[in-house]
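Here is what each chain is made of, one letter per residue.
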Amino acid sequence: MSVDARARAGLFLAMQYPVEVPGVTVSNFLRTAVTAVRGEAPRVRDFLKEMNAAMKDLSIDTVFAQRNLNEGFSGGEKKRHEILQLRLLNPKIAILDETDSGLDIDALKVVAAGVNAYAAEPDHGVVLITHYTRILRYVRPDFVHVFVGGKIVAEGGPELADELEASGYERFSPLADPVLVDTGLANTRLANTGAGAPG
């Protein structure tokens, strides 16, 4: 399945390191993406109203829409932009790869609020991949899984993330690179925590 076909089917992927695209503004990118996913171009006035409302909710200055896509963005700007895409594209399932990477506490709270608002909608699911439990203070998972070497080695609820915060991953694999995954499917937040998974 091609990337655009997956997007039209309702799958959203936010990458850890989004690519810079000089010459393409955020506004043009978002309108093109919305057109592709929805199957028809929204009227410019309607789109701008929708985009500006979403930007306001995410504490993004409207000048941001005229900047080149991801070019010179701070970590917080990149992650807020991902959540802006999530809001406008309204997929069924969102896979968010290290959405908390490079965020200060204020940006983390804004991004987490965007994830929570999305996850609260009917028929939405979230897979949140992270190396740290910090974001899970604001996006509370329903399920947690620990991955080591690509395999699930432990499962639980939010208490497993709390336990990992306190004791670390050493009991699973002393050399592993830890990865947490908070996943929510059909209004169920499932947190998967993994060590040694690619990140």
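All values reported here derive from a predicted model rather than from experimental measurement.

**As for the packing of helix α2 (residues 26-38) against helix α3 (residues 44-57)**
Next, step 1: Where α2 meets α3, the axes come as close as 11 Å, and the angle between the chain directions of the two elements is 110 degrees. The pairing of α2 with α3 is recorded here as roughly perpendicular in orientation. Along the contact surface, α2 presents Ser-27, Leu-30, Arg-31, Val-34 and Arg-38, while α3 presents Val-44, Phe-47, Leu-48, Glu-50 and Met-51.

**A word on the pairing of strand β5 (residues 125-130)**
Next, step 1: Of all six residues in β5, six are buried, a share of seventy percent or more.
Next, step 2: Side-chain alternation along β5 places Gly-125, Val-127 and Ile-129 on one buried face and Val-126, Leu-128 and Thr-130 on a second face that is also buried.
Next, step 3: In terms of strand pairing, strand β4 (residues 93-97) meets β5 through five bridges, oriented parallel. Directly across from Leu-96, in β5, lies its bridge partner Leu-128.
Next, step 4: Handedness of the crossover joining β4 and β5 through helix α5 (residues 105-120): right-handed.

**Re the pattern of salt bridges**
Next, step 1: Enumeration according to the criterion identifies nine salt bridges in this entry.
Next, step 2: Close ionic contact of Glu-77 with Arg-67 constitutes a salt bridge, the shortest N to O distance being 2.8 Å. One end of the pair, Glu-77, is in helix α4 (residues 75-89); the other, Arg-67, is in the loop between α3 and β3 (68-69), with 10 residues separating them in the sequence.
Next, step 3: Judged by its relative accessible area of 24%, Glu-77 is partly exposed.
Next, step 4: Notably, a salt bridge pairs Glu-163 with Arg-171, separated by 2.6 Å at the nearest N-O pair.
Next, step 5: Relative accessible area serves as the criterion here: at 35%, Glu-163 is assigned to the partly exposed category.

**Quick word on the confidence of the model for the protein chain**
Next, step 1: On average, residues of the protein chain carry a pLDDT of 84, and 86% of them reach 70 or more.
Next, step 2: The low-confidence segment residues 184-199 (pLDDT under 50) makes 95 contacts with residues lying over four places distant or belonging to another chain.

**Remarks on the nonpolar core**
Next, step 1: Residues Leu-84, Leu-88 and Leu-96 are the most contacted members of the largest nonpolar core, which totals 46 residues.
Next, step 2: Ignoring any residue separated from it by four or fewer positions in sequence, one finds Leu-88 in contact with Leu-30, Val-34, Arg-38, Phe-47, Glu-50, Met-51 and Ala-54.

**Notes on unusual backbone geometry**
Next, step 1: The residue Asn-70 is not glycine, and still its phi comes out positive at about 65 degrees.
Next, step 2: Take Asn-70: it is sitting in the loop between β3 and α4.
Next, step 3: Here Asn-70 falls in the buried class, since its relative accessible area comes to 5%.
Next, step 4: Its identity as a non-glycine residue notwithstanding, Asp-123 has a phi of 60 degrees, on the positive side.
Next, step 5: Within the fold, Asp-123 resides in the loop between α5 and β5.
Next, step 6: You can call Asp-123 exposed: its relative accessible area is 62%.

Quick notes on the rules
Residues numbered from 1 in each chain as written. Predicted model: local features only at pLDDT ≥ 70, side-chain atom pairs only at ≥ 80, totals over all residues. Heavy atoms only, no water. Axes fitted to C-alpha atoms, helices over the stretch in contact; angles between N-to-C directions. Helix = DSSP H or I, 4+ residues; strand = E, 2+ residues; numbered from the N terminus. Parallel < 35°, antiparallel > 145°, perpendicular 65-115°, else oblique. Contact = heavy atoms within 4.5 Å. Buried < 20%, exposed > 50% of the residue type's maximum accessible area, 1.4 Å probe, protein only. Pairing = 2+ DSSP bridges. Right-handed = clockwise from strand over helix to strand, strands pointing away. Salt bridge = Lys/Arg side-chain N within 4 Å of Asp/Glu carboxyl O. pLDDT = per-residue confidence, 0-100. Core = buried A, V, L, I, M, F, W, Y, C linked by side-chain atoms within 4.5 Å.

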